[in-house]
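Working through the structure, step by step
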Amino acid sequence: MKKNTARPQRKGLPDYQLLILTLLLTGFGLVMVYSSSSSIALMSEKLNFDALYYTKRQAVYAILGVIGMFVAMNIPFAKYKQLYKPLFFITILMLVAVLFVGVEINKARSWFNLGFATLQPSEIAKISIILYLSALITKKGERFRDLKTGYIPVMIIVGFVAGLIMLQPDFGSTFILVATCGLIIYAGGASMKHIMGSIGLLILGAAIVMGAGYLVDLMSGNVSGSSYSYKLARFQSFLDPFHDKTGDSYNLVNSLTAIGTGGFTGTGIGQGVIKLHYLPNAFNDFIFAVIGEELGFIGTTIFLIIYVYFIWRGFTIALRCKDIFGTLVGVGIMGLIAIQAFINIGGVTQTIPVTGVTLPFISFGGTSLLVTMTSIGIMLSISRENNLETSQETVKSVRTVTEERPSPALVTRNTQKRRSSRSR
């Protein structure tokens, strides 16, 4: 009998559904970035009247994102348990440096100007804190449920990173990061009593910080230009968007108008009107409004179904992982995408106050797209680990059944013996 000389499979197959959905959403995002930005770019002398200006920049980051995704997918998952420390250290340095040498856009000092592009450290911080927290909670094990030795050290790290982002100030990214960390902490088995206490302290702390900031601006006479008054105006616009349609509520009113104009079937891709200087940042924070206008209820529903299935597929991969670290990382990555998508779409549709965050895979934003696609590469690495374990278990079960089953020659000899004994 010939021995099986084939080498055991070292890498499982990636989850092709998640991979295809990622590429599909990225491609759709490029289409919508072009549709929502081409007319503005074509009329801009600053952009050399180039209708493809934003689309080309987004396409470059999409290509880099695909490369990052495939690189991350082919890194053995166990390696991420070693990479989280240097990545976290570099992220902290970047968050501190951006406060001093970063460029200010939309009243937030959140970007590095690299000349050819901008880099937003808070986007990198999101995946960095996911890896760090997952490794720390896995290492602590049952001790994580202890308040002093387990829970408080984890919350100190979360609070430190969130505080650096809040100093920019970037409240949208801060909220997304804290919510994602909360999901990881809950999945890691933290006590609900500790979690509820943290939520109460978080709300109290945010109220104190915003109140103190507004008071300082009031005493200095800079209330109108204050970032805190700007956030307060957004909340007032959420409660009653039509009280100041040409002022603080201008973006939200035009967003709702665009979605309503789309009706059931939409105006068609590229045929929308609201993006023509009526809605600032139509290719960024408010791109979902363009989707609603141009694709209508039918197209928007199909898009949301695909998006929800993509998120569900990612959570399924995370929960199937037998490694606790892998499960926490997967829950964190997919939770991050789901939370950010909800905040973006919720703000555009007046479900929640506008916070100014991008819609993952769809909105214009190079750092966001690159980091998100690389994060999906980590998810695909987890899926390869899952599929490898499944294939190994299948091979073992087949070998066990084969070993227990008698050989054909032995069965033939036993049959002949029974027949000869009957004839006698």
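What to know about the overall build of the protein chain
- When its secondary structure is counted, the protein chain shows 13 helices and 3 strands.
- Taken over 424 residues, the protein chain has a buried fraction of 46%.
- Considering only contacts in the protein chain between residues 6 or more positions apart, those separated by 24 or more positions represent 72%.
- Of the roughly 22,300 Å² of accessible surface on the protein chain, a fraction of 66% belongs to carbon and sulfur atoms.

A look at helix H6 (residues 171–187)
- Over its 17 residues, H6 extends 24 Å from the first C-alpha to the last, a length consistent with the 24 Å expected when each residue adds 1.5 Å.
- Listed in full, the buried residues belonging to H6 are Phe 171, Gly 172, Ser 173, Thr 174, Ile 176, Leu 177, Val 178, Thr 180, Cys 181, Ile 184 and Ile 185.
- Directly after H6, the chain includes Gly 189, whose backbone phi takes a positive value near 95 degrees.

Some thoughts on unusual backbone geometry
- The phi dihedral of Asn 48 falls on the positive side, at around 60 degrees, and the residue is not glycine.
- Counting through the fold element by element, Asn 48 comes out in the loop between helix H1 (16–42) and helix H2 (53–74).
- At Gln 350, a position not held by glycine, the phi torsion is positive, near 65 degrees.
- Turning to its location among the elements, Gln 350 is positioned in the loop between helix H11 (324–348) and helix H12 (366–404).
- Gln 350 sits in the partly exposed class, given a relative accessible area of 27%.

A word on the pairing of strand S2 (residues 108–113)
- Two strands pair when backbone bridges link them, and strand S1 (residues 103–105) and S2 are joined in this way by 3 bridges, in the antiparallel orientation. Counted as the bridge partner of Glu 104 is Arg 109 from S2.
- Where S2 lies against strand S3 (residues 118–119), 2 bridges are found, and the strand directions are antiparallel. Across the sheet, Phe 112 pairs through a bridge with Leu 119, a residue of S3.
- What sits between the antiparallel neighbours S2 and S3 is a turn of 4 residues, in which Gly 115 has the positive phi angle 90 degrees.

Some points on the sheet that holds S3
- Spatially, S1-S2-S3 is the arrangement adopted by the 3 strands of the open sheet, whose pairing is antiparallel. Single-partner strands in this sheet number two, and they are S1 and S3.
- In the packing of helix H3 (residues 80–101) onto the sheet, contacts are made with S1, S2 and S3, and the angle to S2 comes to roughly 100 degrees.

Side note on the side chain of Thr 26
- Position of Thr 26 relative to the elements: it lies in helix H1.
- Discounting chain neighbours no more than four positions away, the residues touching Thr 26 are Ala 62, Phe 361, Leu 369 and Met 373.

Digging into the pattern of salt bridges
- Scanning all chains against the criterion turns up 5 salt bridges.
- Measuring nitrogen to oxygen at the nearest pair gives 2.7 Å for the salt bridge that ties Lys 56 to Asp 50.
- Looking at Lys 56, the relative accessible area reads 45%, which means it is partly exposed.

Things to note about the environment of Arg 109
- Its place among the elements puts Arg 109 in strand S2.
- The sequence separation of Arg 109 and Asp 170 amounts to 61 residues, and the corresponding C-alpha distance is 8.3 Å.
- Those residues in contact with Arg 109 that sit more than four places away from it in its chain are Val 98, Leu 99, Gly 102, Val 103, Glu 104 and Gln 168.
- Of the polar contacts made by the side chain of Arg 109, one reaches the backbone oxygen of Gly 102; its length is 2.6 Å.

Here we look at the nonpolar core
- Ranked by internal contacts, the top residues of the largest apolar core, which has 97 residues, are Tyr 307, Phe 310, Phe 361 and Ile 376.
- When residues of this core are assigned to their parent elements, the largest contribution, 12 residues, is made by H11.

Quick notes on the environment of Tyr 84
- Within the secondary structure layout, Tyr 84 lies in helix H3.
- The spacing of Tyr 84 and Ile 129 is 45 residues in sequence and 8.5 Å in space, taken between C-alpha atoms.
- Setting aside anything within four residues of it in sequence, one finds Tyr 84 in contact with Leu 131, Tyr 132 and Ala 135.

A short note on the packing of aromatic side chains
- Under the defined criterion, the tally for this structure stands at 16 aromatic pairs.
- Aromatic side chains Phe 77 and Tyr 80 sit 6.2 Å apart centroid to centroid with 50 degrees between the ring planes, which places their arrangement in the tilted category. For the residue pair Phe 77 and Tyr 80, the accessibility class agrees, reading buried in each case.
- On the basis of an interplanar angle of 80 degrees and a centroid distance of 6.3 Å, the ring pair of Tyr 307 and Phe 310 is categorised as edge-to-face. One end of the pair is Tyr 307 and the other is Phe 310, both in helix H10 (residues 287–320) and 3 residues apart, which spans about a single turn. Across the pair, Phe 310 and Tyr 307 agree in class, each one buried.

Conventions adopted
- Residues numbered from 1 in each chain as written.
- Predicted model: local features only at pLDDT ≥ 70, side-chain atom pairs only at ≥ 80, totals over all residues.
- Heavy atoms only, no water.
- Helix = DSSP H or I, 4+ residues; strand = E, 2+ residues; numbered from the N terminus.
- Buried < 20%, exposed > 50% of the residue type's maximum accessible area, 1.4 Å probe, protein only.
- Contact = heavy atoms within 4.5 Å.
- Areas by Shrake-Rupley, 256 points an atom, 1.4 Å probe, with all protein chains shown as cover.
- Expected span 1.5 Å × (residues − 1).
- Pairing = 2+ DSSP bridges.
- Axes fitted to C-alpha atoms, helices over the stretch in contact; angles between N-to-C directions.
- Salt bridge = Lys/Arg side-chain N within 4 Å of Asp/Glu carboxyl O.
- Polar contact = N/O pair within 3.5 Å; in protein donor to acceptor, adjacent residues only side chain to side chain.
- Core = buried A, V, L, I, M, F, W, Y, C linked by side-chain atoms within 4.5 Å.
- Phe/Tyr/Trp six-rings, centres within 6.5 Å; stacked < 30°, edge-to-face > 60°.

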